[in-house]
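# Structural features, examined
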Amino acid sequence: MARKRLRSADLTELVELVEVGWESDGLGGQVERRRHVIYVMASVEGLAGREYWEAFAVAQESPVKVRARACDGLAEACPRRYRLVIRGADYDITSVEGPWGRSGEVVIRAKARA
């Protein structure tokens, strides 16, 4: 099946990529530290069909698929160190695919943080 071409009109959501780390709070506890990496305009869609049911059967979650044009920092997003912030909600990155084609499309699959 051919990939649907990513058009500028499809990029309707502002997505922030943040790097997440941990540091000591001085009392021996760990405090989450977030560092802004980049804002991108992207297409955010829920998974459908077989992809949705496979993800739901494994963890009973509703993951999203984020499609954006590749840019520095986005294609190299490591699932362990980075998160997406979409409409104020945090999403853990589960996979990063791409960039593909001339437009350099990147597909990131993510799930809402519990």
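Residues numbered from 1 in each chain as written. Predicted model: local features only at pLDDT ≥ 70, side-chain atom pairs only at ≥ 80, totals over all residues. Heavy atoms only, no water.

In terms of helices and strands, the protein chain carries one helix and six strands. Ordered by position from the N terminus, the helices and strands of the protein chain form the series β-β-α-β-β-β-β. The buried share of the protein chain, taken over its 114 residues, is 35%. When contacts within the protein chain are restricted to residue pairs at least 6 apart in sequence, those whose partners lie at least 24 apart make up 52%. Accessible area for the protein chain stands at about 7,400 Å²; split by element, carbon and sulfur atoms hold 50% of it. (Helix = DSSP H or I, 4+ residues; strand = E, 2+ residues; numbered from the N terminus. Buried < 20%, exposed > 50% of the residue type's maximum accessible area, 1.4 Å probe, protein only. Contact = heavy atoms within 4.5 Å. Areas by Shrake-Rupley, 256 points an atom, 1.4 Å probe, with all protein chains shown as cover.)

Taken together, the side chains of L14, Y39 and M41 present a nonpolar region at the surface, about 310 Å² in accessible area. Structurally, M41 can be placed in strand β2 (residues 30–46). (Patch = residues over 30% accessible without salt bridge, like charges linked within 9 Å, V, L, I, M, F, W, Y side chains within 5 Å. Salt bridge = Lys/Arg side-chain N within 4 Å of Asp/Glu carboxyl O.)

Moving on: the side chain of R67. The topology assignment puts R67 in strand β3 (residues 64–69). Among the polar contacts made by the side chain of R67, one reaches the side chain of E105 at a distance of 2.8 Å. (Polar contact = N/O pair within 3.5 Å; in protein donor to acceptor, adjacent residues only side chain to side chain.)

Looking at chain direction, strand β1 (residues 13–24) and β2 are connected through 12 bridges and run antiparallel. Note that in β2 the partner of E19 across the bridge is R35. A loop of five residues connects β1 with β2, the two strands running antiparallel in sequence, and G26 in this loop sits at a positive phi of about 95 degrees. As judged from the four bridges shared by β2 and β3, these two strands associate in the antiparallel manner. The residue bridging S43 from the neighbouring strand is R67, located in β3. (Pairing = 2+ DSSP bridges.)

Any functional reading would require information that these geometric values do not contain.
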